[in-house]
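Here are the chains, one letter per residue:
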Amino acid sequence: MKSPDRRQDERFDVVGAMWGVLEINEPAQIENVSLTGALLNSSMPAAPNFEQAVQLVVDGQEVKVDVTIRHVHAVKNTDGEDRYLIGVEFASPPMLVVQAVEQLAVDQGQDSARP
């Protein structure tokens, strides 16, 4: 009888720890942001306590920011589609991100964006 596995290449069991990285380029909407982190709205979930890089667009410039995923909540959008609210903590935001958040605070009439 033919094996139900259709893969052509031989596979090997891993003994011990072997790590890999999975990068998924999935756009997400920023719901809110502060100097310490942001809440993202995504169609893909993320693993809590996982450290990764996200790419933000600030004034037309793409900026890489290292974050830690702090929480993930499944929600439904108005069309009934699954969405995920992902809370991220910035490890060390670049100055461009800090300045943009501070400018948002000024634009919204707050005294300061600092915690």
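Residues numbered from 1 in each chain as written. Predicted model: local features only at pLDDT ≥ 70, side-chain atom pairs only at ≥ 80, totals over all residues. Heavy atoms only, no water.

Engineer: Got a minute to help me understand the nonpolar core in this structure?
Structural biologist: The nonpolar side chains of a soluble globular protein tend to be buried with one another. Of all hydrophobic cores here, the largest spans 17 residues; its most connected members are Leu56, Val65, Val67, Ile86, Val88, Phe90 and Val97. Contributions of two or more residues to this core are made by strand E2 (37-42), strand E3 (51-58), strand E4 (61-76), strand E5 (82-90) and helix H1 (95-107). Excluding its chain neighbours within four sequence positions, the residues that come into contact with Val97 are Leu56, Val58, Val63, Val65 and Phe90. (Core = buried A, V, L, I, M, F, W, Y, C linked by side-chain atoms within 4.5 Å. Buried < 20%, exposed > 50% of the residue type's maximum accessible area, 1.4 Å probe, protein only. Helix = DSSP H or I, 4+ residues; strand = E, 2+ residues; numbered from the N terminus. Contact = heavy atoms within 4.5 Å.)

Engineer: Would you mind going over the pattern of salt bridges with me for this structure?
Structural biologist: When the charged atoms of two side chains with opposite charge come close together, those side chains can pair. Applying the stated criterion to the full structure yields two salt bridges. Between Lys76 and Asp82 there is a salt bridge; the shortest N-O distance is 2.6 Å. (Salt bridge = Lys/Arg side-chain N within 4 Å of Asp/Glu carboxyl O.)

Engineer: Is there a simple way to think about the sheet that holds E4 in this case?
Structural biologist: Whenever strands of a sheet pair, they do so through backbone hydrogen bonds, lying parallel or antiparallel. Strands sit in the order E1-E2-E5-E4-E3 across an open sheet of five strands; the sheet is antiparallel. Of all the strands in the sheet, the pair left with one neighbour each is strand E1 (29-33) and E3. For this sheet the average axis-to-axis angle between neighbouring strands, irrespective of direction, equals 40°. Taken together, the nine bridges between E4 and E5 define a ladder with antiparallel strand orientation. If you follow Thr68 over to E5, its bridge partner there is Glu89. (Pairing = 2+ DSSP bridges. Axes fitted to C-alpha atoms, helices over the stretch in contact; angles between N-to-C directions.)

Engineer: Honestly, the environment of Ala38 in this entry has me stumped. Any pointers?
Structural biologist: The topology assignment puts Ala38 in strand E2. For Ala38, a relative accessible area of 9% gives the class buried. For Ala38, the residues in contact, after removing those within four places along its chain, are Ile30, Asn32, Val33, Ile86, Gly87, Val88 and Phe90.

Engineer: Which parts of the structure should I look at to understand the side chain of Ser42?
Structural biologist: Note on placement: Ser42 falls in strand E2. Assessed through its relative accessible area of 5%, Ser42 is described here as buried. Within the structure, the side chain of Ser42 is placed 2.9 Å from the backbone nitrogen of Met44, a separation counted as a polar contact. Apart from the residues lying within four places of it in its own chain, the contact partners of Ser42 are Glu26, Pro27, Ala28, Arg83, Tyr84 and Ile86. (Polar contact = N/O pair within 3.5 Å; in protein donor to acceptor, adjacent residues only side chain to side chain.)

Engineer: Is there a simple way to explain H1 in this structure?
Structural biologist: One turn of the α-helix equals 3.6 residues, which is why residues spaced by three or four share an orientation. Taking 1.5 Å of rise per residue, 13 residues should cover 18 Å, and H1 covers 18 Å from first to last C-alpha, within 8% of that figure. Along H1, the residues classified as buried are Val97, Val98, Val101 and Ala105. In a view along the axis of H1, the buried residues occupy a sector of 105°, so they form one face of it. More than 90 degrees from the buried face of H1, the exposed residues found are Met95, Val106 and Asp107. On its buried face, H1 is in contact with E1, E3, E4 and E5. Following H1 by one or two positions, Gly109 adopts a phi angle in the positive range, close to 80°. (Expected span 1.5 Å × (residues − 1). Arc of directions from axis to C-beta.)

Without other data, these values stay purely geometric and don't point to any function.
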